[in-house]
Amino acid sequence: MSQDNGQARWQAIWQSRGGLALALLPLAWLYGLLSGVRRWLYAKGWKAVNRLPVPVVVVGNVVVGGAGKTPTVLALVKHLQSKGWRPGVVSRGYGRQGTSPLEVLPETPPGECGDEPALIRRQSGVPVFVARQRAQAARALLARHPTVNLIICDDGLQHLSLGRDLAIAVFDERGVGNGWLLPAGLLREPWPAHTGSPFVPDLVLHQAAQPKPARHTAPSSLPTFFAQRTLAINAINALGEQQALTALVHAQPTAIAGIARPDAFFDMLHAAGLPPQHTIALPDHADGALYNDLFKHNRGALICTEKDAVKLFALARNHDRATAARTWAVPLLLHIDPAFFLAIDQHLEPLQSFRLIG
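Before going into details, it helps to say that this report is about the structure given with it.

Definitions and limits used
- Residues numbered from 1 in each chain as written.
- Predicted model: local features only at pLDDT ≥ 70, side-chain atom pairs only at ≥ 80, totals over all residues.
- Heavy atoms only, no water.
- Salt bridge = Lys/Arg side-chain N within 4 Å of Asp/Glu carboxyl O.
- Helix = DSSP H or I, 4+ residues; strand = E, 2+ residues; numbered from the N terminus.
- Buried < 20%, exposed > 50% of the residue type's maximum accessible area, 1.4 Å probe, protein only.
- Contact = heavy atoms within 4.5 Å.
- Patch = residues over 30% accessible without salt bridge, like charges linked within 9 Å, V, L, I, M, F, W, Y side chains within 5 Å.
- Areas by Shrake-Rupley, 256 points an atom, 1.4 Å probe, with all protein chains shown as cover.
- Pairing = 2+ DSSP bridges.
- Axes fitted to C-alpha atoms, helices over the stretch in contact; angles between N-to-C directions.

Turning next to the pattern of salt bridges. Going through the model one piece at a time under the given rule, you end up with eleven salt bridges. K307 is the salt-bridge partner of E116, the closest N and O atoms lying 2.9 Å from each other. Highlighted residues: E116 in helix α6 (residues 115-124) and K307 in helix α10 (residues 306-319), separated in sequence by 191 residues. Take E116: its relative accessible area is 16%, and that puts it in the buried class. Notably, a salt bridge pairs R261 with D172, separated by 3.2 Å at the nearest N-O pair. You can see R261 sitting in the loop between β11 (254-257) and α8 (262-271) and its partner D172 sitting in the loop between β6 (166-171) and β7 (203-208), a full 89 residues away along the chain. For the pair shown, R261 and D172 are each scored as buried. If you follow the salt bridges from partner to partner, you end up with D172, E173, R174, R229 and R261 in one network.

Structure (C-alpha cells):
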C-alpha cells in the first residue's frame, strides 16, 4: 500500500530518457542556464560568499531526494570527534516553521526544526542550528557554543553563499539517473564535475545496500569512496525497549517510510529477514497527522526508519503505552571505506591550528 505514488513515479521518470523526460528537457536546459549563471556570479565575487572563522565541511547531493546525507553527517561527527575536533552542525531545516536561526535541542519538535536536524541532534548530541541562510545558523551556533571549532553543513552543496573548506557529494544506487538536470532528470547540477570547476566537490561517497559494485554508478574524476548500508539486527520501540529484528516477523508488521525512497527501506527489511505484511509509503517530511492515522488502521507492529521515529515515537507515546510498545524503529548502519576518513583527515590537515586553539 502506498500513499505517495507520485514520488515513485517521478523517480521512475528520472531513471530513463523516456517521453515525459524528453518533454521536460527544455526546462532542464533553462534550469542549467540559470544555475550556471548563479554559480558564475559567486565564483567571480558578484555574489558574496560568507567565510566563517572555523573550517566548514559541506555534505550534500547533486541529485534530488535523499541519498544518505544524514547518516554521512552522523558518521563524520563521530570520526571528527575521535580526531579531537569539536563539531557543530547547521542545516536549513527543510519543512520547518520559520526561517530565522534556531537551536535544535533534544526536545525541539521536528515541525519547528525539520526532521533531519532533530535526528542529528538526538543521535549525535552536538550543537545543531537551523536557518534558511546557513551562515546565519553557523554564526548563531558559534556565538552560543564558542568551543565548537568546525562546522558541518548538512545538505549544502548548492548553498553557495556559505564558504566551504571541504565538500562531499553523496550518491546512492540511483547514480545520476538519466544524466539530465531537473526537472527532466535527477541532477541539481551538471555531473560529472571536473576538477577546477567552481564549487566542485572534493570527495564523492557512493552508498548502496549491496556490497561494493564493480564500478560506481556516478562516474567522476574526483576521489570516490564506497559505503554499504545495512539495518541493525535489533529494533528499538518508543519505550526504549530492544528486540531482535527477526523476532518481529510474527507480529504482523506494517512497514512505514516517510523518506525520499521508501522502497529502499522496505527492500532492506526483506533482506534483513523481516518481510513486512504491509508497506505504507508516506511523502518525504510527511505531516505528523499522517503518522497519527496509522495507529487507527494498523493493529500489529509498526516498523519505521529512524527519521520517521523522530515524529512517530512521540505520537505513539501520547496515544497509549500499548501503541508505544508496538511502534519500532530500525537503526541504519553505514559501513564506510576507511580510506574515506583518511581523505577527510588529509583535507583538514592544513587546518589543524583551528583544532588546537579552537
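On we go from here.
This next bit is on the side chain of K311. Relative to the assigned elements, K311 resides in helix α10. Look past the residues within four positions of K311 in its chain and what remains in contact with it is P110, D115, H285, A286, D287 and Y291.

Taken together, the side chains of L27, L30, L33, L34 and V37 define a hydrophobic patch exposed on the protein surface, amounting to about 470 Å² of accessible area. One can find V37 in helix α3 (residues 25-43).

Let's shift gears to the pairing of strand β8 (residues 224-231). Pairing between β7 and β8: five bridges, direction parallel. Bridged to V204 within β8 is T224. Of the pairings in the sheet, the one linking β8 to strand β15 (residues 332-336) comprises five bridges and is antiparallel in character. Following the sheet pairing, T230 is matched in β15 by L333.

Structurally, L348 can be placed in helix α12 (residues 338-348). Separated by 291 residues in sequence, L348 and V57 place their C-alpha atoms 9.3 Å apart. Beyond its immediate sequence surroundings of up to four residues, L348 is in contact with V57, L80, W85 and L150.

Moving on, we get to the sheet that holds strand β10 (residues 242-244). With mixed pairing, the six strands of this open sheet are ordered in space as β10-β9-β14-β13-β11-β12. Each edge of the open sheet carries a strand with a single partner, namely β10 and β12 (278-281). The sheet shows a mean angle of 30 degrees between the axes of neighbouring strands, direction not considered. With three bridges joining them, β11 and strand β13 (residues 302-305) adopt parallel strand pairing. Residue pairing for β13: T254 is matched across the bridge by L302.

By the element assignment, F226 lies in strand β8. Take F226: its relative accessible area is 8%, and that puts it in the buried class. Sequence separation between F226 and V170 is 56 residues, and the spatial gap between their C-alpha atoms is 9.8 Å.

What follows deals with the sheet that holds β6. Ordered in space as β3-β4-β2-β5-β1-β6-β7-β8-β15, the nine strands form an open sheet in which the pairing is mixed. For this open sheet the edge positions go to β3 (102-104) and β15, each flanked by a neighbour on one side alone. Shown here is a sheet whose adjacent strand axes are inclined to one another by a mean of 25 degrees, direction ignored. Where strand β1 (residues 56-60) lies against strand β5 (residues 150-154), four bridges are found, and the strand directions are parallel. Along β5, the bridge assignment pairs V57 with I152. The sheet strands contacting helix α7 (residues 134-144) are β2 (87-91), β3, β4 (128-130) and β5, and the helix crosses β2 at an angle near 145 degrees.

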